[in-house]
Amino acid sequence: MLNDMDLLDEFDITDSEIKKLTLLMDFDDETAAKNKCASIDNLLDCDDVRIIRMLAKLLHVGMDPDRSSTCYQPTIFNCSSKTPFFWELFSRTMWLLSKTRREMKASTILDYEKVIHVLTKQVKLVLEEKPLDFKTLTERMVETNYEKVVEIWQREKKEELRSVLDTNPSVQVLKRRFAKQNQELIFEQRMIFVKAGTMFPKFNEKVSKINGNFIAKLSTSGRDVLICDFNAITKVAGATATYSLSSITHVVEGKACPHVINNSVKEPHLAFSLLINNEIWINFKAPDKKTASYWLDAFNLLLNKDNRSEYYKNELSELVEMDLVLHLMDLQNVTIPKRPPPVPKPPF
């Protein structure tokens, strides 16, 4: 995956310029110039050639005309022979170079190269806005500081990564593999959660009021649902009723639950119910949306139903994306092909 900085290699200084810089900084040889830190104040005398090359490239100067191109600058039509466009742009670019160098606190040759990369991006952003006059051009240059360029580069990098994760066929193969692995992890987490148990209020169906509490949990074997009355005041557990998963006829959630229909629960998103053998209703009201979603995920997974909560989908998406990003870290500056390379012919 290439970024703007990788695309600007053509502006690297030439061998002749390196020799000139070495003489300016009074270094003994080129090797010493690479190893020692030096002030770049003296480098400004060598900037003009590189800046002119950079501006010519951005403005497509010296290139064959392209009828489909939309590269033009309205400022050209608002200048005169006394204020030629290229000269004014060059002067402002040199000023922007000095400003950017101070913002980046550049002090070595390596820092100087980074400044040129940032400057190229700054000028490109300003020209893309197509300012109408030199005043607007100057204002845009002032606004497009080093910090803004860094933010834009970070955003572009995230968008590029998102595009690769969502569209690249090679990455989709990895995504499907990681999705299967992480589905198993989420299944294990949901089983651990329901086996730990949760306390729910117990509803009186006739009076439509809460009548104590009960603790629901999945058995250690994962085959039964255990319902145990619990006194929240005395902390004493009562009798335990056991219902096998095979006896669960339906899992109902939201407004279709009996205790929501009779107005015992005012928050449908917290309610779900189990219908046992088409006869017995066990009604639940979770303390929060996350708990309700975890229990519903557990029942749907155990009963092989396709329904999944938003928590399940978000967690699966985050885990898969984390795995993909970790595996693609070594390919940050490599373009990932959209198609796999052809399989070579057998040697014999």
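Residues numbered from 1 in each chain as written. Predicted model: local features only at pLDDT ≥ 70, side-chain atom pairs only at ≥ 80, totals over all residues. Heavy atoms only, no water.

### A closer look at the overall build of the protein chain
- A count of helices and strands for the protein chain gives 11 helices and 7 strands.
- The buried share of the protein chain, taken over its 348 residues, is 38%.
- Pairs at least 24 residues apart make up 57% of the contacts formed inside the protein chain by residues separated by at least 6 positions.
- Summing over all exposed atoms, the protein chain offers an accessible surface of approximately 21,600 Å²; the carbon and sulfur share of this is 55%. (Helix = DSSP H or I, 4+ residues; strand = E, 2+ residues; numbered from the N terminus. Buried < 20%, exposed > 50% of the residue type's maximum accessible area, 1.4 Å probe, protein only. Contact = heavy atoms within 4.5 Å. Areas by Shrake-Rupley, 256 points an atom, 1.4 Å probe, with all protein chains shown as cover.)

### Concerning empty space enclosed by the protein
- If you walk through the whole model with that rule in mind, you get 1 cavity of 30 Å³ or more.
- Of the pockets and cavities examined, the largest cavity occupies roughly 30 Å³.
- Lining the largest cavity are Val194, Lys217, Leu218, Val225, Trp295, Ala298, Phe299 and Leu302.
- Residues of the lining of the largest cavity, tallied by class, amount to 7 nonpolar, no polar and 1 charged. (1 Å grid on protein atoms, 1.4 Å probe; cavity = no way out; pocket = protein on both sides within 12 Å on 5 of 7 lines; lining within 4 Å. Points joined across faces, edges and corners; volume = space filled by probe spheres on them. Nonpolar A, V, L, I, M, F, W, Y, C, P; charged D, E, K, R; others polar.)

### Comments concerning the sheet that holds strand β6 (residues 271-276)
- If you walk across this open sheet you meet the 3 strands as β5-β6-β7, and the pairing is antiparallel. Either end of the sheet is taken by a strand with one partner, and the two such strands are β5 (248-253) and β7 (280-285). If you compare each strand with its neighbour and ignore which way they point, the axes differ by 15 degrees on average.
- Direction of pairing for β6 relative to β7: antiparallel, over a ladder of 6 bridges. (Pairing = 2+ DSSP bridges. Axes fitted to C-alpha atoms, helices over the stretch in contact; angles between N-to-C directions.)

### Here we look at the pattern of salt bridges
- Taken as a whole and judged by the stated rule, the model has 14 salt bridges.
- Where Arg92 meets Glu88, a salt bridge forms, and the shortest distance between an N and an O atom there is 2.5 Å. A residue pair is termed a helical-turn pair when its members lie 3 or 4 positions apart in one helix, as Arg92 and Glu88 do in helix α4 (residues 85-104) at 4 residues. Just as Arg92 is buried, Glu88 falls in that class too. (Salt bridge = Lys/Arg side-chain N within 4 Å of Asp/Glu carboxyl O.)

### A closer look at the environment of Phe272
- For Phe272, the location among the structural elements is in strand β6.
- The sequence separation of Phe272 and Ser293 amounts to 21 residues, and the corresponding C-alpha distance is 9.5 Å.

### Section: the packing of helix α8 (residues 169-196) against helix α11 (residues 310-328)
- In contact at an axis separation of 8 Å, α8 and α11 are set at 130 degrees when each is read in the N-to-C sense. Considered as vectors, α8 and α11 are oriented oblique to each other. Read as a crossing pair, α8 and α11 show a hand that is right-handed. Of the residues in α11, those touching α8 at Val171, Leu174, Lys175, Phe178, Ala179, Asn182, Gln183, Ile186 and Arg190 are Tyr311, Tyr312, Glu315, Leu316, Leu319, Val320, Asp323, Leu324, His327 and Leu328.
- In terms of residue class, the contact of α8 with α11 is made up of 12 nonpolar, 3 polar and 4 charged. (Parallel < 35°, antiparallel > 145°, perpendicular 65-115°, else oblique. Left-handed = near helix turned anticlockwise from the far one by under 90°.)

### Things to note about the confidence of the model for the protein chain
- For the protein chain, mean pLDDT is 81; residues scoring 70 or higher make up 82% of the total.
- The element-level mean pLDDT for the protein chain is lowest in helix α1 (residues 15-24), coming to 39, with helix α10 (residues 289-302) highest at 95. (pLDDT = per-residue confidence, 0-100.)

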